[in-house]
Structures are given as structure tokens and as C-alpha cells.
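# Overview (structure and organization)
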Amino acid sequence: LAYIQDKFIEMYRDITPDGSDLLINTGNHDELSRVPYPNSISNFTKYSDTNHHLIEVFDSVGAWYQDKDKNDDLLMFILYTEKVKEQKEEIKKILANYDKLSKHITVFAHLGVDGAVQGRWNHRLSDAYNLDDLGWNDNNVKSICLSHFHKRQTLLSNGHKEAYYMGDLTELNFNDIQEDGTGAPRGFEEIDTIT
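Residues numbered from 1 in each chain as written. Predicted model: local features only at pLDDT ≥ 70, side-chain atom pairs only at ≥ 80, totals over all residues. Heavy atoms only, no water.

### Section: the nonpolar core
- One finds Met76, Ile78, Leu134 and Ile144 to be the most contacted residues of the largest nonpolar core, which totals 26 residues.
- The greatest single-element share of this core, amounting to four residues, is contributed by helix H2 (residues 84-97).
- Met76 has contacts with Val61, Gly62, Ile91, Ile94, Leu95, Ile105, Thr106, Val107, Phe108 and Leu134, leaving out every residue within four places of it along the chain.
- Tyr12, Ile24, Ile41 and Ile55 belong to the second largest nonpolar core, which has nine residues in total. (Core = buried A, V, L, I, M, F, W, Y, C linked by side-chain atoms within 4.5 Å. Buried < 20%, exposed > 50% of the residue type's maximum accessible area, 1.4 Å probe, protein only. Helix = DSSP H or I, 4+ residues; strand = E, 2+ residues; numbered from the N terminus. Contact = heavy atoms within 4.5 Å.)

Spelled out as C-alpha cells, the structure:
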């Protein structure tokens, strides 16, 4: 595990410009006992340095302002947890307390959302949330980027606003193939929160 983390940090520092921040959302495979903490990624924060200012791991619902001094647009991180009721309350608090004057919210969530296609096998808590729980009806929420289910798919879109699962970068298991046996679409997302 230490080698993998060192390699990951080395690659992160090599390919990102100085001043970059790395924000990591805790997923179910990071957790040691179906609770967000302790987890296998929390010590990434120890790799923060002067050139790459900060590495933050979210092991609870978290809000991140792109420019803290300006109370700028918000990135909200929602992790995987089996404490669904408590987490929904935390999400509501962040959305209610956010300064909504011409600001945008991008939601990153690692969880199961009702209506998503899971693949060949079901996941725990597969439909524990709906898009309304994640702020879809909040006018300031501009995007809901989801992970947990391996299949790349759009759940809902309205103009430029979209809620979608980004899928996996690489196949992890036989759940990552289509019903016809071909590989599932995969990749990564590059999100421009300015435009």
C-alpha cells in the first residue's frame, strides 16, 4: 500500500502545475469497516507540500470553495457511508447555509442513486439516495458527478445541468462489461467550473 501511495503522489506532483490542490472523496473500497473513518486514504493528507498546497481527504460531507477568500463557487463532496439518514441531513445543512448569491455548486458523490443502472450485480445501498437528496432542485447546483456504480451513464440533464455516473477508468471486475460482453464506456471527467 505504501508503494502505491508513493507512486500516486509522485505522479500527481509530476503532472499537475504548482499550486494545485488534490481533493479525494472517500469511497466504499477505501473504508475499512463500512464506516468512513478509519480509511485507507486518510494519510494522503500527509503528502501536502509547499508547491502543491493541499491534499484533502473527505471522510465526511465536505464543502470546498474554489477561492476561499472570495467565498467563491462551491465543490461539495459526499462520501459513501451506511449512515444515510445522517448524511442527508448534513447535505441539507450545507445547501441551506451556502451563500447563494450568483454562486454555483458542483456535487461529487460516491453513492447509489435511485434509477441508476448498476451492472450485472447489485450494490449495497444501491438506491439509498435520489437526485433531490443531492441538491438537483437547488438552482445553484450545476452538476452532480457520481461514482460507485461502474457503468458510465446520465441520470438526468437539463440544458447544461447534468447528473451522471462517470464510470471507471479501468475494468475492475466482470460487472464492468455490457450485457453483450463488450467493455463498458470508461474514462475520466474534466470539469470546467468557471464556464
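Let's pick the thread back up.
### Remarks on the pairing of strand S8 (residues 161-165)
- With four of five residues buried, S8 is to be regarded as a mostly interior element.
- Of the strand pairs in this sheet, strand S6 (residues 141-147) and S8 are connected by four bridges, and their pairing is parallel. Across the sheet, Cys145 pairs through a bridge with Tyr164, a residue of S8.
- As paired elements, strand S7 (residues 153-158) and S8 share five bridges and run antiparallel to each other. From the neighbouring strand, Gln153 faces S8, where its bridge partner is Tyr165.
- What sits between S7 and S8 in their antiparallel hairpin is a turn of two residues, with Gly159 showing a positive phi close to 65 degrees. (Pairing = 2+ DSSP bridges.)

### Re the sheet that holds S8
- With respect to topology, six strands assemble into an open sheet ordered S3-S4-S5-S6-S8-S7, the strand pairing being mixed. Every other strand in the sheet has two partners, leaving strand S3 (62-65) and S7 as the edge strands with one partner each. Ignoring strand direction, the axes of neighbouring strands in this sheet form an average angle of 15 degrees.
- Two elements, strand S5 (residues 105-110) and S6, share six bridges in a ladder whose sense is parallel. When the sheet's bridge partners are listed, His110 is paired in S6 with Ser147.
- Running over the sheet, H2 touches S3, strand S4 (74-78), S5 and S6 and is turned about 175 degrees from S4. (Axes fitted to C-alpha atoms, helices over the stretch in contact; angles between N-to-C directions.)

### Quick look at the side chain of Asn39
- Examined against the element boundaries, Asn39 turns out to sit in the loop between strand S1 (21-25) and strand S2 (54-58).
- Side-chain polar atoms of Asn39 contact the backbone nitrogen of Ile41, separated by 3.0 Å.
- Look past the residues within four positions of Asn39 in its chain and what remains in contact with it is Thr26, Asp30, Glu31, Leu32 and Asp59. (Polar contact = N/O pair within 3.5 Å; in protein donor to acceptor, adjacent residues only side chain to side chain.)

### Examining helix H1 (residues 2-15)
- The end-to-end C-alpha distance of H1 is 20 Å, a good match for the 20 Å that 14 residues give at a rise of 1.5 Å each.
- What H1 keeps buried is the set Gln5, Ile9 and Tyr12. Considered in projection along H1, the buried side chains sweep an arc of 60 degrees and stay on one side of the axis. Set apart from the buried face of H1 by more than 90 degrees, the exposed residues are Tyr3, Ile4, Asp14 and Ile15.
- Considering only its buried residues, H1 is in contact with S1 and S2. (Expected span 1.5 Å × (residues − 1). Arc of directions from axis to C-beta.)

### Quick look at the packing of aromatic side chains
- Counting across every chain of the model gives five aromatic pairs.
- Ring centres of Phe58 and Phe77 lie 4.3 Å apart, and the angle between their planes is 10 degrees; this geometry places the pair in the stacked category. Taken together, the residues span a long stretch of sequence, with Phe58 in strand S2 and Phe77 in strand S4 at a distance of 19 residues. Just as Phe58 is buried, Phe77 falls in that class too.
- Centre to centre, the rings of Phe149 and Tyr165 are 5.0 Å apart; their planes meet at 25 degrees, and the pair counts as stacked. Separated by 16 residues along the polypeptide, Phe149 in the loop between S6 and S7 and Tyr165 in strand S8 bring together distant segments of the chain. (Phe/Tyr/Trp six-rings, centres within 6.5 Å; stacked < 30°, edge-to-face > 60°.)

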